[in-house]
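Residue strings, one per chain:
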Amino acid sequence: MTEAAGVHPSSFPSFQPGSTRSSAHDWTKDAVGGNIRIHGRHFIDAWGRVCALRGVNLSGCSKTPVNHDPETWLHDHRNVTFVGRPFPLEQAHEHLARLRRWGLTFIRFMVTWEALEHSGPGQYDTEYLTYLRAILSLLPQFGMTAFVSMHQDVWSRFSGGSGAPAWTLELAGFDLTALEETGAAYIGGVKVPGVEVDRGRWPTGYQKLACSTMNTLFWAGETFAPKVLVDRNGEKVNVQTFLQDAFLDCYDRLVTGLKGVEGIVGFEILNEPHAGYIGLPSMHEFDYNTDLHLNDIPSALQSFMLGAGYPTLVPHWTRSFPMPTRLTSRNMRNIKGRKVWREDGPTAGQCIWESHGVWGYDNVKKEGVVLKETYFTRRPSDGGAVNWYTDCWYPFVTRWAERVRSIAGEDKIVFAEGIPNEFCPRSWTPDKRPANMVFAPHWYDLNALFAKAFSRLSINVQGLSRGLPVWKAFYWGHKSARENYALQLKNIVEEGYKSLGENP
């Protein structure tokens, strides 16, 4: 009897165990009969078997160049290299073999926009692309597969995280050397990789001026910052157009450089996207339940003032119990009155948001004044409500997916997520998402994340951010921690199915 198309060899009497490469952790084309694909809420192979993919991020070190110098990095940011991240090519076999022994054969392979385009707009690091192709081409030798993820945290290394190149901030008019002094960014966690003075503080960068402004410009610059025009080949375009086109062009180069590599099952658009100021209901405070309050937490208005060179009294939060943090003092910051906006920037040294009439400075009372409290919730042009998901994220994901598939092929899976700690929105209907998409949200035990260690206490942060009483959010002991984890992961999965239907 001969093997029929779509029928696994083990279905026939002549099959001998071990005669094929098919096994629980072999994701090569021979083992799965072609490509892993989506069917309902599962990944399956050519024979319809459900593939239980288990894996790991590879790797956190990919956020930082191999030649990072804490003394010169703010000035010499164009002359970096990420070749060797996550590890040198000659060490790849050792690392991949170890991951296979551990049963971690599904890889989320991290790259950053900076790694690909650090030298300037349109200048791609071809040596790094060659390195990536060499590393990922090794995966089938170990029965492994991967999806490639464009990683970011807090927009960029230069605003306290990782991701976008430094020139993106310079394009908007930021003076990189003034970011920390003006409170526009917390960069203490990235100056010296692996050494963070105040552990766990880095997520507060999302609320600060640099990251919030860059995300707002990227997603909705044409809506909220129409005056911010930058030069592109002799033509003035809005900063949103410049940034989005540059990102997509860079992603095209990444996909082109990896086209045909067997070990790649798909691509992820962006790690943990953030809306910036879009949807912010008040210029006077951030939401304690959803935004980490630790150390200095200036409001949007206070951030605008600091960046514009005005010494400002800023609330300071410290760790506490039972609530994670509490307000303990208010401290004067930017005492020297330094500005973060460059005179040669697109707004000639003026705060972008001041130039759009969002706020102003009262020279008599010596204080900042909000002029448009709900500016970021409605389109200034017609007053219509703005929703980051429907107006910004969904159209961009679709645009990106079309470009990826036009290069890599229609069989590639695309991965996307929403804002961290938010359930999948009901508005992500089939007409607003690309075909062959996997919803790939993240979840953390924040207590362990900040402490870099497990303790007897775990906290249901998911519940706290949605109004759960504090006394119900604490779980003590190993067994309770498992229950806490299972509950929160279950909520994410179930909410995803409610929004997306039978999709993984």
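Below or above, wherever it landed, is the structure these notes cover. (Residues numbered from 1 in each chain as written. Predicted model: local features only at pLDDT ≥ 70, side-chain atom pairs only at ≥ 80, totals over all residues. Heavy atoms only, no water.)

### Some points on the side chain of Gln244
Phase 1: Tracing the backbone through its elements, the reader meets Gln244 in helix 7 (residues 239-258).
Phase 2: What makes Gln244 buried here is its relative accessible area of 9%.
Phase 3: Looking at Gln244, its side chain comes within polar contact range of the main-chain oxygen of Phe218, at 2.8 Å.
Phase 4: Among all residues touching Gln244, those that are not within four sequence positions of it are Phe218, Trp219, Phe396 and Arg399. (Helix = DSSP H or I, 4+ residues; strand = E, 2+ residues; numbered from the N terminus. Buried < 20%, exposed > 50% of the residue type's maximum accessible area, 1.4 Å probe, protein only. Polar contact = N/O pair within 3.5 Å; in protein donor to acceptor, adjacent residues only side chain to side chain. Contact = heavy atoms within 4.5 Å.)

### A few points about the sheet that holds strand 9 (residues 295-296)
Phase 1: A sheet is described by the order of its strands in space; here three strands give the open sequence 9-10-11, paired in antiparallel fashion. With partners counted over all chains shown, the strands left at the sheet margins are strand 9 and strand 11 (325-333), one partner each.
Phase 2: Two elements, strand 9 and strand 10 (residues 312-319), share two bridges in a ladder whose sense is antiparallel. From the neighbouring strand, Asn295 faces strand 10, where its bridge partner is Trp317.
Phase 3: Helix-sheet contacts for helix 8 (residues 300-307) involve strand 10 and strand 11, and the interaxial angle to strand 10 is about 125°. (Pairing = 2+ DSSP bridges. Axes fitted to C-alpha atoms, helices over the stretch in contact; angles between N-to-C directions.)

### Examining the packing of helix 4 (residues 126-136) against helix 7
Phase 1: For the pair helix 4 and helix 7, the least separation of the axes is 9 Å and the interaxial angle reads 45°. When the axis of helix 4 is compared with that of helix 7, the two are oblique. The hand of the helix 4/helix 7 crossing is right-handed. Contacts from Thr126, Leu129, Leu132, Arg133 and Leu136 of helix 4 reach helix 7 at Arg253, Leu254, Gly257 and Leu258.
Phase 2: Looking at the contact of helix 4 with helix 7 residue by residue, the class counts come to five nonpolar, two polar and two charged. (Parallel < 35°, antiparallel > 145°, perpendicular 65-115°, else oblique. Left-handed = near helix turned anticlockwise from the far one by under 90°. Nonpolar A, V, L, I, M, F, W, Y, C, P; charged D, E, K, R; others polar.)

### Here's the deal with the pattern of salt bridges
Phase 1: In the structure shown here, the tally under the stated rule is 20 salt bridges.
Phase 2: Linking Glu170 and Arg78 is a salt bridge whose minimum nitrogen-to-oxygen distance equals 3.6 Å. Of this pair, Glu170 sits in helix 5 (residues 166-172) while Arg78 sits in the loop between strand 3 (55-58) and helix 2 (92-101), placing them 92 residues apart in sequence.
Phase 3: Residue Arg78 is classed as partly exposed on the basis of its relative accessible area of 32%.
Phase 4: We note a salt bridge from Glu343 to Lys339, for which the minimum N-O separation is 3.4 Å. (Salt bridge = Lys/Arg side-chain N within 4 Å of Asp/Glu carboxyl O.)

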